[in-house]
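The chain contents come next:
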Amino acid sequence: MTTGQRPAPAPGLTWGLRGRGPADVPVEADHPPEPPEGGLLGGTGRGVRVCVVDSGVERDHPMVGPVAQSWRVFKDDDGVHVEETDEGDACGHGTACAGIIRRTAPDCELSSVRVLGERFSGSGDILLEGIRWAVRQRFDVVNLSLSTSRDRFVEELRRLADEAYFQQTVIVASAHNTHVESFPWRFSSVISVGSHQEDDPDLHLYNPEPPVEFFAPGQRVQVAWLGGTSIRTSGNSFATPFVAGLCARILSSRPRLTPFQLKNALYLSAANVRVHGSR
Amino acid sequence: MAQTIAPAVPSAPPPDPAMAELLQSVVDTARAIFGAEASSILLLEAAADELVFEAVSGQGQEFLVGRRFPAGRGIAGWVAASGEPMVVDDLHDSTSFDRDVAKSTGFVPNALMAAPLVHGDRVLGVLEVLDPSPQARSSLSELDLLSLFARQAAVALHVLTTHAPRGTEPAAPEDPARAELLRLLAEARRLLEE
């Protein structure tokens, strides 16, 4: 029980089912797609809105294609702000992530929130604001190949990750590349991704020992880079957008899937998961 | 990302010979480990929002030290801001990244590895390895090795800066941590030269 004055619950928030029955809360749902025999799962990403929160995305890169909207987060004396931008990418990393998503889910709608490439000071605030912006824009999938190790951001990040989860925005987050405790990939409300070393560019695996829940191709990955070029690179940063792309594919064939259903679809389609020994 | 960015060294003190020796030893060793053309350390100057070449081994050794460029740019900038290591390969046809920096420095690498120098949640700078040997390129295990080495270098850097002698104070007995570090440095140098 609670004592003392509490603020009134926010409208729409439900603590229990009172005065209503099952017929009052119908749910029209989708069943997850059957795991494929081979190849990729789901559709082409059509109709799914994906946002890359990173260093920006280069416009008109042949491996990225159209970028629907681009914003940048910046800080000045008045605080942290978000505005539309046509600045592109400061380093190539965001463009690389966008290219992997495009390859995996060619028909998805891609947007960018740039949180790196400005001044360093306050970059934690900027990351947080970038994620908040992407969540509040209600993207279906948010790719986050970044994390923070600063404790003071953890609670707010957790709140944002939960907000995303309950509004059906899936945050796909990179595990740190070194043995560093960082966030938000550690949260169960996001889909966390690390690298495997296999050559198969379409292989994803479930980790039976989370918190990193999935492994995807992250070694010597050919990625889009600045100036319309490509390079090879390695790291969890590049495994993550593959899983973000998979999420877009699955959602395009089953748009009503909840984040937990989506995670289950990834789990069931992982090459190392055998259901009743069937695979 | 989102590390607190703080200057690795107090601004404008007289150069510390031990610091110079440490940084040079780190880049010499990194270059040897990866069979690389060059290695460099860039330290972050938060106030100026710049990365400054503090030590270079190999290509550019004579003229790069002291050069600075905007901290938000390129792969080194991403590494410093994100606190994550990065390896890239096949840069030869790329017009990208630090290419403008690379051109001004007279050396355009085809492959580059970079890891943050992190102590606690502070990024002190970036360790770069340019054109490592083909066996040491772009794999996850190289990323791990570079990160391990960078971590060690960052700890040494931290020890040295927190145990730095005060210029105006009378000569004090050598700090044991500092003395030990200098002994290890000398040993590493000797091994490299053998």
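Each value, and the rule that gives it
Residues numbered from 1 in each chain as written. Chains lettered and ligands numbered in written order. Predicted model: local features only at pLDDT ≥ 70, side-chain atom pairs only at ≥ 80, totals over all residues. Heavy atoms only, no water. UniProt positions renumbered as here; feature names shortened; annotations may be inferred. Helix = DSSP H or I, 4+ residues; strand = E, 2+ residues; numbered from the N terminus. Buried < 20%, exposed > 50% of the residue type's maximum accessible area, 1.4 Å probe, protein only. Contact = heavy atoms within 4.5 Å. Polar contact = N/O pair within 3.5 Å; in protein donor to acceptor, adjacent residues only side chain to side chain. Expected span 1.5 Å × (residues − 1). Salt bridge = Lys/Arg side-chain N within 4 Å of Asp/Glu carboxyl O. pLDDT = per-residue confidence, 0-100. Pairing = 2+ DSSP bridges. Buried area = accessible area lost by both parts, 1.4 Å probe.

What about the UniProt feature "active site" (unreviewed entry) in chain A?
Moving on, step 1. According to UniProt, the positions carrying the feature "active site" (unreviewed entry) are Asp54, His93 and Ser237 of chain A. In terms of the greatest pairwise C-alpha distance, the residues named above, spread along 184 residues, form a tight cluster of at most 10.2 Å across.
Moving on, step 2. Mapped onto the elements of the fold, aspartate 54 of chain A is located in strand E1 (residues 49-54).
Moving on, step 3. We classify aspartate 54 of chain A as buried; its relative accessible area is 0%.
Moving on, step 4. Not counting residues within four places of it along the chain, the set of residues in contact with aspartate 54 of chain A comprises His93, Gly94, Cys97, Val113, Arg114, Val115, Leu116, Ser145 and Leu146 of chain A together with Trp78 of chain B.
Moving on, step 5. A distance of 2.9 Å separates a polar atom in the side chain of aspartate 54 of chain A from a polar atom in the side chain of histidine 93 of chain A.
Moving on, step 6. As for its position among the elements, serine 237 of chain A is in helix H4 (residues 236-253).
Moving on, step 7. In contact with serine 237 of chain A, other than residues within four places in its own chain, are His93, Cys97, Ser145 and Ser174 of chain A together with Trp78 of chain B.

Thoughts on helix H2 (residues 123-136) of chain A
Residues and elements named next belong to chain A.
Moving on, step 1. Taking 1.5 Å as the rise per residue, H2 with 14 residues should run 20 Å; its terminal C-alpha atoms sit 20 Å apart, in good agreement.
Moving on, step 2. For H2, the buried fraction is high: 11 of the 14 residues fall into the buried class.
Moving on, step 3. For H2, the complete set of buried residues consists of Ser123, Gly124, Ile126, Leu127, Leu128, Glu129, Gly130, Ile131, Arg132, Ala134 and Val135.
Moving on, step 4. Just downstream of H2 lies arginine 138, where phi reads positive at about 55°.

A closer look at the environment of threonine 161 of chain B
Residue and element names in this part refer to chain B.
Moving on, step 1. Mapped onto the fold, threonine 161 is located in helix H4 (residues 140-162).
Moving on, step 2. Separated by 143 residues in the primary sequence, threonine 161 and alanine 18 place their C-alpha atoms 9.8 Å from one another.
Moving on, step 3. A distance of 3.0 Å separates a polar atom in the side chain of threonine 161 from the backbone oxygen of histidine 158.

A look at the pattern of salt bridges
Moving on, step 1. Enumeration according to the criterion identifies 19 salt bridges over all chains in this entry.
Moving on, step 2. Across the pair arginine 136 of chain A and glutamate 163 of chain A runs a salt bridge, and its minimum N-O distance is 2.7 Å. Placement of arginine 136 of chain A in helix H2 and of glutamate 163 of chain A in helix H3 (residues 154-166) is noted, with a sequence separation of 27 residues between them.
Moving on, step 3. Since its relative accessible area comes to 46%, arginine 136 of chain A is described here as partly exposed.
Moving on, step 4. We classify glutamate 163 of chain A as partly exposed; its relative accessible area is 27%.
Moving on, step 5. Residue arginine 232 of chain A pairs with aspartate 90 of chain B through a salt bridge whose shortest N-O separation is 3.7 Å.

Description of the environment of valine 170 of chain A
Residues and elements named next belong to chain A.
Moving on, step 1. Along the chain, the position of valine 170 falls in strand E6 (residues 170-174).
Moving on, step 2. Sequence separation between valine 170 and valine 141 is 29 residues, and the spatial gap between their C-alpha atoms is 4.8 Å.
Moving on, step 3. Setting aside anything within four residues of it in sequence, one finds valine 170 in contact with Asp140, Val141, Val142, Ile191, Cys247, Pro259 and Leu262.

Observations regarding the confidence of the model for chain B
Moving on, step 1. For chain B, per-residue confidence averages 79 on the pLDDT scale, and residues scoring 70 or more make up 75% of the total.
Moving on, step 2. Long-range and interchain partners of residues 1-12 of chain B, a stretch whose pLDDT sits below 50, account for 47 contacts in this model, where long-range means more than four residues apart.

Regarding the pairing of strand E5 (residues 86-89) of chain B
Moving on, step 1. Here E5 of chain B shows a buried face lined by Met86 and Val88 of chain B and a second buried face lined by Val87 and Asp89 of chain B.
Moving on, step 2. The pairing of strand E11 (residues 230-234) of chain A with E5 of chain B spans 3 bridges and is classified as antiparallel. For arginine 232 of chain A, the partnering residue across the bridge sits in E5 of chain B and is aspartate 89 of chain B.

Some words on the interface of chain A and chain B
Moving on, step 1. Opposite the 43 residues of chain A that make contact, chain B presents 42 residues.
Moving on, step 2. Together, the buried faces of chain A and chain B total about 3200 Å²; carbon and sulfur atoms form 55% of this surface.
Moving on, step 3. At the junction of chain A with chain B, the criterion picks out 3 salt bridges.
Moving on, step 4. With a shortest N-O distance of 3.0 Å, arginine 150 of chain A and aspartate 121 of chain B are connected by a salt bridge.
Moving on, step 5. Linking chain A to chain B there are 7 residue pairs in polar contact (both at pLDDT 80 or more).

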